[in-house]
Amino acid sequence: MKNIQLIQFVVFFLFIVGCKDKEKIVDPVTTETNVSTFYFIRHAEKDISNPEDADPELNQSGLGRAMHWAEILDEVDLDAIYTTDYQRTYMTAAPVSVKKDLTVQYYDPQTIDLEQIKADNLNKKVLVVGHSNTTPDLVNKMIGESKYYEMDTTDNGSLFIVNLVNEVTTSQRLHFNCNCPKERE
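Keep in mind the model is a prediction, meaning the values are calculated, not measured. (Residues numbered from 1 in each chain as written. Predicted model: local features only at pLDDT ≥ 70, side-chain atom pairs only at ≥ 80, totals over all residues. Heavy atoms only, no water.)

**Q** A description of the environment of asparagine 166 should follow, citing residues and the corresponding values.
**A** One can find asparagine 166 in the loop between β5 (158-165) and β6 (168-175). Overall, the relative accessible area of 32% leaves asparagine 166 in the partly exposed class. Residues asparagine 166 and serine 36 lie 130 residues apart in sequence; the distance between their C-alpha atoms is 9.0 Å. (Helix = DSSP H or I, 4+ residues; strand = E, 2+ residues; numbered from the N terminus. Buried < 20%, exposed > 50% of the residue type's maximum accessible area, 1.4 Å probe, protein only.)

**Q** Tell me about the packing of aromatic side chains, residues and numbers included.
**A** Aromatic ring pairs: the centre-centre distance and the angle between the two ring planes describe each pair. Scanning all chains against the criterion turns up four aromatic pairs. Ring geometry for tyrosine 148 versus phenylalanine 160: centroids 5.0 Å apart, planes at 75°, classification edge-to-face. Taken as a pair, tyrosine 148 in the loop between α5 (134-143) and β5 and phenylalanine 160 in strand β5 lie far apart in primary sequence, twelve residues in all. Since its relative accessible area comes to 9%, tyrosine 148 is described here as buried. Residue class for phenylalanine 160 comes out buried when judged on its relative accessible area of 0%. (Phe/Tyr/Trp six-rings, centres within 6.5 Å; stacked < 30°, edge-to-face > 60°.)

**Q** An account of helix α2 (residues 60-72) is requested, with residue identities and associated values reported.
**A** Between the first and last C-alpha of α2 there are 18 Å, a value that for 13 residues agrees with the 18 Å anticipated at 1.5 Å per step. For α2, the buried fraction is high: twelve of the 13 residues fall into the buried class. Among the residues of α2, Ser61, Gly62, Leu63, Gly64, Arg65, Ala66, Met67, His68, Trp69, Ala70, Glu71 and Ile72 are the ones counted as buried. (Expected span 1.5 Å × (residues − 1).)

**Q** So what's going on with the sheet that holds strand β1 (residues 35-42)? Which residues, and what values?
**A** Ordered in space as β3-β2-β4-β1-β5-β6, the six strands form an open sheet in which the pairing is mixed. A strand with exactly one partner marks an edge of an open sheet, and here the two such strands are β3 (104-106) and β6. Between one strand and the next, the sheet's axes are offset by a mean angle of 20°, whatever the strand orientation. Taken together, the four bridges between strand β2 (residues 80-83) and strand β4 (residues 125-130) define a ladder with parallel strand orientation. (Pairing = 2+ DSSP bridges. Axes fitted to C-alpha atoms, helices over the stretch in contact; angles between N-to-C directions.)

**Q** Requested: an account of the pattern of salt bridges, with residues and values cited.
**A** Under the definition given, this model contains five salt bridges. In this structure, the salt-bridge partner of aspartate 155 is arginine 173, at a minimum N-O distance of 2.9 Å. One end of the pair, aspartate 155, is in the loop between α5 and β5; the other, arginine 173, is in strand β6, with 18 residues separating them in the sequence. On the accessibility criterion, arginine 173 (36% relative accessible area) is partly exposed. (Salt bridge = Lys/Arg side-chain N within 4 Å of Asp/Glu carboxyl O.)

**Q** Please set out unusual backbone geometry residue by residue, giving values where relevant.
**A** What you tend to see is this: most non-glycine residues have negative phi, and most peptide bonds are trans. Phi at asparagine 123 is positive, roughly 65°, even though this residue is not glycine. Take asparagine 123: it is sitting in the loop between α4 (114-120) and β4. One non-glycine residue, asparagine 166, lies in the positive phi region at around 45°.

**Q** Can you lay out empty space enclosed by the protein for me, pointing to particular residues and giving the numbers?
**A** Tallied over the entire structure, the rule returns one cavity of 30 Å³ or more. Within this model, the largest cavity holds a volume of roughly 40 Å³. In this structure, the largest cavity is lined by Phe40, Tyr82, Ile112, Leu114, Ile117, Val128 and Leu138. The residue inventory of the lining of the largest cavity, partitioned by class, reads seven nonpolar, no polar and no charged. (1 Å grid on protein atoms, 1.4 Å probe; cavity = no way out; pocket = protein on both sides within 12 Å on 5 of 7 lines; lining within 4 Å. Points joined across faces, edges and corners; volume = space filled by probe spheres on them. Nonpolar A, V, L, I, M, F, W, Y, C, P; charged D, E, K, R; others polar.)

Below you can see the structure in the form of structure tokens.
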């Protein structure tokens, strides 16, 4: 019930507050037969008002950024969404999930079987929402090299794109600013 209320709130919020950037990711046109694309992001800005809360929700800026990610990924035909089992990652994925009519699947970054995730998502496009330490680590494991480092705790705008094309892996990191409402001091 809480998740349904959360999704309803996010959808309502989507219509009230939005980000002004019109940046979008467009699906690449390819003739390759074995192409999988993974989009990795860190959760949006979380509520840090209670340092004792290990599972905070997103703050106002974070809700705006979550909607911004939905706008950015609007033209990507996603097939699956994975998040960790934290409110901030789920809430970041919620606008995309609602817009794409996809059910969020949970993963544990400590026990995730990336080979199984790759196999389950062959020829698909997948969004993975994680954390400042787990996102670059998962990308590195996916590409088989230590290319990306732990993200700064203020970096909520990085998008890592990993393409798997016929056993060849490529990656890139993009950064999106969000003109989202800022948290009041």
